[in-house]
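Summary of structural features
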Amino acid sequence: MTDGRVTRAEQWAAAGQVEQAVTLLSDGAAAGDAGAAMLLAVWHLRGTPVARDLPRARAWLRRAVAIGHVDAALMEVALTANGSGGVPDWPAALALLRTAAPGDPVAAAQLALVAAMKLDADGRPSTVPRGTPLATTPRLAHFPGFLTAAECAHLAGVAGAMLEPARIIDPATGRLVAHPIRTSDGAAIGPVHEDLVVRAINARIAAASGTTIDQGEALTVLRYRPGQEYRPHLDTIQGADNQRVATMLVYLNGGFAGGETHFPVPGVTVTPRGGDALLFFNTLPDGRSDPATRHAGLPVRSGAKWLATRWIRARAIDPWNQPVEPA
């Protein structure tokens with residue numbers, strides 16, 4: 001009955017009969033249909049075919065979890081930790097993950113990774129990571145061993161199924177077109193996929209950069225294959241009211257050739273090593289873009305380079321309304 005009800009609701013919604021579809025799913029969820037409750041949660045998170053309503057989505061997720069929906073349980077953990085539809089609550093999210101772990105190997109693997117991290121009661125690193133300065137103009141620091149091999153593999157695994165070729169919106173047509181200067185594949189790990197491992201890594205990046213976790217855009221994982229590169233560019237956004245003041249790059253693997261990160265002005269070239277990170281500050285004291293931060297991801301010659309990027313804003317950003325990255 002579950003599949004039939006969900007299919008029928010999706011057909012009604014596609015035909016514009018949204019109210020009838022919601023009623024069908026609501027009745028199904030009340031009767032113990034976990035799939036119906038999950039679809040209602042997804043609709044309210046996605047904002048279509050109903051208006052986005054994060055607290056209501058959380059309520060439907062709770063119903064789906066209570067009935068026994070495994071994917072809903074992991075989604076609830078993520079949203080509880082990052083505060084979507086409520087307030088961020090790491091202890092509650094950790095308790096939910098511990099409840100899910102005995103019956104779900106994915107949850108158990110996440111719990112084991114979190115347990116290996118040195119965290120305080122709110123999921124922040126117990127000690128602040130300290131980098132080695134590479135340049136003062138721009139401010140550039142290197143963090144050897146910022147992530148463990150297991151943490152790097154987790155990020156690549158979370159993003160792997162979501163990777164798409166880099167694109168931007170063409171201002172003339174409104175269509176997605178190939179990115180003019182970045183030729184990688186990429187995926188942003190948004191709030192729904194920000195499991196506790198990702199959340200703790202984002203907290204580590206915030207601590208290392210002296211910022212708060214809610215200043216960071218969604219952690220973006222990039223994969224560069226042979227010949228792919230990111231030509232010289234600035235990470236700042238022209239005319240932005242809430243500027244990208246810092247960038248953290250985390251190299252996720254080794255075993256490839258090329259792909260160095262090059263800063264022409266200070267003459268610094270960083271050779272990627274799995275687990276190492278690079279932090280640089282994109283703006284001058286007066287808030288203007290610092291031209292010395294122009295940098296490039298040099299072409300990969302062989303193998304595949306995996307990289308995680310966190311762009312950090314001057315102020316908190318709403319992860320549910322994150323803008324498309326500009327060229």
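To be clear, the structure that these remarks concern was listed above.
The notes below deal with the structure included here. Since we're looking at a predicted model, the values are computed, not measured.

**Comments concerning empty space enclosed by the protein**
Gaps between atoms show up when a probe of the same size as a water molecule is rolled over them. Per the counting criterion, the structure on display carries 2 cavities of 30 Å³ or more. Empty space within the largest cavity amounts to approximately 130 Å³. Surrounding the largest cavity, 14 residues form its lining, Tyr230, His233, Leu249, His295 and Leu307 being those nearest its centre. Contributing elements (two or more residues each) for the lining of the largest cavity: strand S7 (219-224), strand S8 (230-233), strand S14 (295-297) and strand S16 (305-313). Looking at the lining of the largest cavity, the element that brings in the most residues is S16, giving 4 residues. Class assignment for the residues of the lining of the largest cavity results in 7 nonpolar, 5 polar and 2 charged. In this model, the second largest cavity occupies a volume close to 30 Å³. Lining the second largest cavity are Asn202, Ile205, Ala206, Ser209, Thr211, Thr212, Ile213, Gly216, Arg310 and Ile312. For the lining of the second largest cavity, the secondary structure elements donating two or more residues are helix H9 (196-209) and S16. With 4 residues, H9 is the single largest residue contributor to the lining of the second largest cavity.

**Some points on helix H5 (residues 70-82)**
Under the 1.5 Å per step criterion, the end-to-end length of H5 is 19 Å for 13 residues, consistent within 8% with the ideal 18 Å. Within H5, 11 of the 13 residues are buried, which leaves it mostly tucked inside the rest of the structure. Each element contacted by the buried residues of H5 is listed here: helix H3 (34-46), helix H4 (54-67), helix H6 (90-100), helix H7 (105-116) and H9. Just past H5, the residue Gly83 takes up positive phi, approximately 85°.

**Description of the pattern of salt bridges**
As enumerated under the stated definition, the model contains 13 salt bridges in all. Asp33 is the salt-bridge partner of Arg5, the closest N and O atoms lying 2.4 Å from each other. Taken together, the residues span a long stretch of sequence, with Arg5 in helix H1 (residues 2-14) and Asp33 in the loop between helix H2 (18-30) and H3 at a distance of 28 residues. Judged by relative accessible area, Arg5 falls into the buried class, the value being 12%. Ionic pairing is found between Arg124 and Asp122, a salt bridge with its closest N-O pair at 3.5 Å. Taken together, the shared-partner salt bridges connect Asp120, Asp122 and Arg124 into one network.

**Examining the sheet that holds S7**
The strand order across the open sheet built from 8 strands is S1-S2-S13-S9-S16-S7-S6-S3, with neighbouring strands paired in antiparallel fashion. Lying at the two open borders of the sheet, with one neighbouring strand each, are strand S1 (132-135) and strand S3 (164-165). Summarising the sheet, strand S9 (residues 244-251) and S16 pair through 7 bridges and their orientation is antiparallel. When the bridges of S16 are listed, Ala246 appears paired with Ile312. Against the sheet, helix H8 (residues 149-160) contacts strand S6 (185-189), S7, S9 and S16, and its axis sits at roughly 100° relative to S6. With respect to the sheet, H9 is in contact with strand S2 (140-143), S6, S7, S9, strand S13 (277-281) and S16, its orientation differing from that of S16 by roughly 60°.

**Examining the sheet that holds strand S12 (residues 268-270)**
Spatially, the 4 strands line up as an open sheet ordered S8-S14-S11-S12, and their pairing is antiparallel. The sheet is open, and its two borders are formed by S8 and S12, each paired with just one other strand. Along the sheet, successive strands turn relative to each other by an average axial angle of 10°, direction set aside.

**Details of the pairing of S9**
Within S9, 8 of the 8 residues are buried, which leaves the element mostly enclosed by the surrounding structure. Two elements, S9 and S13, share 5 bridges in a ladder whose sense is antiparallel. Each residue of the ladder has a partner; that of Leu249, found in S13, is Leu278.

**Quick notes on the nonpolar core**
Counting 72 residues, the largest nonpolar core has Trp43, Phe146, Leu155, Leu196, Met248 and Leu252 as its most contacted members. No other element matches the 8 residues that H3 contributes to this core. Leu140, Tyr224, Leu249 and Val300 belong to the second-largest nonpolar core, a separate cluster that totals 14 residues.

**Some remarks on H6**
Within H6, burial applies to Trp90, Ala93, Leu94, Leu97 and Ala100. Taken down its axis, H6 places every buried residue within 120° of arc, on the same side. Opposite the buried face of H6, by more than 90 degrees, sit the exposed residues Arg98 and Thr99. Elements in contact with the buried residues of H6: H5, H7 and H9. If you check the start of H6, you find a side-chain oxygen 3.0 Å away from the backbone N of Ala92, and it comes from Asp89.

**Remarks on the environment of Ala37**
Tracing the sequence through the fold places Ala37 in helix H3. A C-alpha to C-alpha distance of 17 Å links Ala37 and Ala78, two positions 41 residues apart in sequence.

Conventions and cut-offs
- Counting restarts for each chain: residues are numbered from 1 in the order of the written sequence.
- Local features are withheld for residues below a pLDDT of 70 in this predicted model, meaning they are given only at 70 or higher, and side-chain atom pairs are given and counted only at 80 or more; totals for whole chains, interfaces and linings count all residues.
- Excluded from the side-chain calculation are hydrogens and water; included are all heavy atoms of the structure.
- Here a cavity denotes grid points, spaced 1 Å and computed from the protein atoms alone, that fit a 1.4 Å probe unable to get out, and a pocket denotes an open set having protein on both sides within 12 Å along at least 5 of 7 lines; residues with an atom within 4 Å of a point are the lining.
- Grid points are joined across faces, edges and corners, and a volume is the space filled by probe spheres set on the points.
- Here a helix means four or more residues in a row that DSSP labels H or I, a strand means two or more in a row labelled E, and each is numbered from the N terminus.
- Classes in brief: Ala, Val, Leu, Ile, Met, Phe, Trp, Tyr, Cys and Pro nonpolar; Asp, Glu, Lys and Arg charged; the others, Gly included, polar.
- Here the expected length of a helix is defined as 1.5 Å per residue gap, with one fewer gap than residues.
- When accessible area is computed with a 1.4 Å probe and restricted to protein chains, residues below 20% of their type maximum are described as buried, those above 50% as exposed, and intermediate ones as partly exposed.
- The criterion used for residue contact is that any of the two residues' heavy atoms lie within 4.5 Å.
- What makes a salt bridge here is a side-chain nitrogen of Lys or Arg within 4 Å of a carboxyl oxygen of Asp or Glu, nothing more.
- Paired strands, as defined in this entry, are two strands with at least two bridges between them according to DSSP.
- Axis definition: a line fitted to C-alpha atoms, limited for helices to the stretch in contact. Angles are taken between N-to-C directions and run from 0 to 180 degrees.
- What is meant by a nonpolar core is a set of buried Ala, Val, Leu, Ile, Met, Phe, Trp, Tyr and Cys residues, joined one to another through side-chain atoms within 4.5 Å.
- In this context, the arc is that of the directions from the helix axis out to the C-beta atoms.
- What qualifies as a polar contact is a pair of N or O atoms within 3.5 Å, subject to a donor-acceptor requirement within protein and to the restriction that residues adjacent in sequence count only when both atoms come from side chains.

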